[in-house]
Amino acid sequence: MKRVLLVVDSLSWAWSRMASGLQKFAPPNYEVHIVDQTDFGAFTRPQTNFVLGYFDGVCQFSWTECALPSKSKPFPIKKLSTLVASHGLEFEFPNESTALPNRIATRLRNSATAAERLPQFGAVLCVSKRLREAASRVTDKAVHCLPGVDADFFRLMPLPHREKLRVGWCGQKQSDELKDVKGFREILVPLIARLRNKVQF
């Protein structure tokens, strides 16, 4: 029996749904456990990191914010993998101006963070070939890992009749002026203004 620990940001968010799907469809010889980052942080303490020895593999879904081994908190690096599902690390821009648009500045930070953190993982699981190529710039442990969809949870449903197409957004508060998460202010805000008469956001 192989034991795998999946570490998500929150037990009620998108990563948790993906982890639940992996747990549901895991082969019979795999025992999959799910915890959030807070619980995993407790496992990395010197007094409790023996817990990690129970698992054959640990996958951190967030490579940007997850706990990593250190001299004060060592744990088996060969067991640790992470998931790359966003194109934030893919872009490189010349670091010449301090007045960069938020989106470009975010990409610069992501590229620097990727170069620092991704080489520390025993495996980097990328959901597309394009992301694997991007991650391969900073680590030789990047592999292409096809994603899947839990068709029992995500089902096709007939659209209700509305005068406008309804579009939902999850990721950033409109009141947050200091961030541009996933291009919210660069892309979505102008799009809302242009399509306001046709689309309900």
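Residues numbered from 1 in each chain as written. Predicted model: local features only at pLDDT ≥ 70, side-chain atom pairs only at ≥ 80, totals over all residues. Heavy atoms only, no water.

Here we come to the pairing of strand β5 (residues 123-126). With four bridges connecting them, strand β4 (residues 80-84) and β5 associate as parallel partners. Residue pairing for β5: leucine 83 is matched across the bridge by leucine 125. Sheet topology note: the β5/strand β6 (residues 142-144) ladder contains three bridges and is parallel. Bridge pairing links cysteine 126 to histidine 144 in β6. Read from β5 through helix α4 (residues 129-135) to β6, the crossover connection turns out right-handed. (Pairing = 2+ DSSP bridges. Helix = DSSP H or I, 4+ residues; strand = E, 2+ residues; numbered from the N terminus. Right-handed = clockwise from strand over helix to strand, strands pointing away.)

In spatial order, the strands read β2-β1-β3-β4-β5-β6; together these six strands make up an open sheet with parallel pairing. Looking at which strands have only one partner, the edges of the open sheet turn out to be β2 (30-36) and β6. Geometrically, the sheet is characterised by an average inter-axis angle of 25 degrees between neighbouring strands, direction not taken into account. (Axes fitted to C-alpha atoms, helices over the stretch in contact; angles between N-to-C directions.)

This paragraph deals with the environment of serine 20. One can find serine 20 in helix α1 (residues 14-24). A residue is classified by how much of its surface remains accessible, and serine 20, at 25% relative accessible area, is partly exposed. Along the primary structure serine 20 and isoleucine 34 are separated by 14 residues, whereas in three dimensions their C-alpha atoms are 7.8 Å apart. (Buried < 20%, exposed > 50% of the residue type's maximum accessible area, 1.4 Å probe, protein only.)

This part covers the pattern of salt bridges. Note on pairing: side chains with opposite charge can pair once their charged atoms come close. Enumeration according to the criterion identifies three salt bridges in this entry. A salt bridge links glutamate 31 to arginine 3; the shortest N-O distance between them is 3.9 Å. A residue pair is termed long-range when its members are at least 10 positions apart, and glutamate 31 in strand β2 and arginine 3 in strand β1 (residues 2-8) qualify at 28 residues. The class for glutamate 31 is partly exposed, based on a relative accessible area of 25%. Measuring nitrogen to oxygen at the nearest pair gives 2.8 Å for the salt bridge that ties aspartate 152 to lysine 24. Of this pair, aspartate 152 sits in the loop between β6 and β7 (165-166) while lysine 24 sits in helix α1, placing them 128 residues apart in sequence. (Salt bridge = Lys/Arg side-chain N within 4 Å of Asp/Glu carboxyl O.)

Let us now look at the environment of glutamine 120. Secondary-structure assignment places glutamine 120 in the loop between α3 (102-117) and β5. Its relative accessible area of 30% is what places glutamine 120 among the partly exposed residues. Along the chain, glutamine 120 and proline 69 lie 51 residues apart, while their C-alpha atoms are 8.5 Å from each other.

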